[in-house]
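Spelled out, the chains give:
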Amino acid sequence: MKQTKRITISDIARLAGVSKSTASLVLNGRSKEFRVSDDTRDRVLALAQQQRYQPSIHARSLRSRRSNTLGLVVPEMTNYGFAVISRELECLCREAGIQLLIACTDENASQEMMAVNSLIQRQVDGLIVASSMLSDAEYQKINQQLPVVQFDRVIGDSDLPLVITESVESTATLVERIARRHSDEFYFIGGQARISPTRDRLAGFQLGLERAGVECRTEWVIHGSYHPSAGYEMFAQLCAQLGRPPKALFTAACGLLEGVLRYLNQHDLLNSNLHLCSFDDHYLFDCLPLKIDTIAQDCETLARNSFDMITALVDERPLPDSRIYVPTRIHWRHPDSLA
């Protein structure tokens, strides 16, 4: 089987009957600057198009000391929010002529550092990370070589630049209204207690109960992971414990809600009296018989701010604000919430 061969500047120069330096000047748009004749320029460009010549990104990187690539680190791509934000970031990068490299960590700190080191080896110009780590020590070291932006979650009390959804006040607003109707029973199902989204959404849940004059009982708060299977298992155990679905439930993410809905569907409970609410929104929630109140993140703005922040840092431009909190929108669907 014949091996394919990449067309190089040397090949174009040979076919055009010019020197490699002349071909390079033409292909890099510098023919007028160095007074290359129009005939020579046209001949070189025509041959480059005919031979489908593409300039070497690696060679360009050596000259500019830029790879024109960014690294994105997320816990998982199956998560709806991360998938949407990744897509938005990829579009922004593509429009700017930048390649986005995405690595998934499965919420594993060791795997995260392996993924990050792999991206650094590929000479990315900057990193956007939704980290699973408890300390930013490693990222502070990396930040001395290339810029790092946190998004979606804060690593401990890190002072690294941050783009995150505001979740405490929005969750409190949602929970307060529902708690006034369900003061005797309101459960919280969340992910890992150690990561900031869980802490912030739980803080909002507790604040909402407090504003409604409801004391948050210890047994109302249940933690697991953000995988849909965890949502299913936590909700199944809760229903078994109560002998029925709870009167009101807040899930801290779309993946957890997916698990809850799967249980409800399997047990023919989608028409139950459960008042269900959640952080994260999905257009399919409008199609369900069970009306769910949700907090919708602005994924487009999260992606845009993350992109603007990392590219400014790569270009060594000052940041107007190193900590950005993106507002949310509450989508009221349940009849009791609309009353």
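Our structure is the block above this text.
For the structure given in this document, a descriptive report is provided here.

Parameters at a glance
- Residues numbered from 1 in each chain as written.
- Predicted model: local features only at pLDDT ≥ 70, side-chain atom pairs only at ≥ 80, totals over all residues.
- Heavy atoms only, no water.
- Salt bridge = Lys/Arg side-chain N within 4 Å of Asp/Glu carboxyl O.
- Helix = DSSP H or I, 4+ residues; strand = E, 2+ residues; numbered from the N terminus.
- Buried < 20%, exposed > 50% of the residue type's maximum accessible area, 1.4 Å probe, protein only.
- Expected span 1.5 Å × (residues − 1).
- Contact = heavy atoms within 4.5 Å.

**Section: the pattern of salt bridges**
Applying the stated criterion to the full structure yields 16 salt bridges. The residue Arg304 makes a salt bridge to Asp308 at a minimum N-O spacing of 3.2 Å. Here Arg304 pairs with Asp308, and both are found in helix 12 (residues 299-314), just 4 residues apart, close to one helical turn. Owing to a relative accessible area of 36%, Arg304 belongs among the partly exposed residues under this scheme. With a relative accessible area of 34%, Asp308 lands in the partly exposed category. Residue Arg317 is joined to Asp315 by a salt bridge in which the shortest nitrogen-to-oxygen separation is 3.4 Å. Under the relative-accessibility criterion, Arg317 is labelled partly exposed at 42%. Taken together, the shared-partner salt bridges in this structure form one network comprising Asp38, Arg41 and Asp42.

**Observations regarding helix 11 (residues 254-266)**
For helix 11, which comprises 13 residues, the first-to-last C-alpha distance of 18 Å matches the rise-based estimate of 18 Å (1.5 Å per residue) to within 8%. Within the sequence span of helix 11, burial applies to Cys254, Gly255, Leu256, Leu257, Gly259, Val260, Leu261, Tyr263 and Leu264. Contact partners of the buried residues in helix 11: helix 5 (80-95), strand 6 (187-190), helix 10 (228-242), strand 8 (248-251) and strand 9 (275-279). Asp268 lies just past helix 11 and shows a positive phi near 55 degrees.

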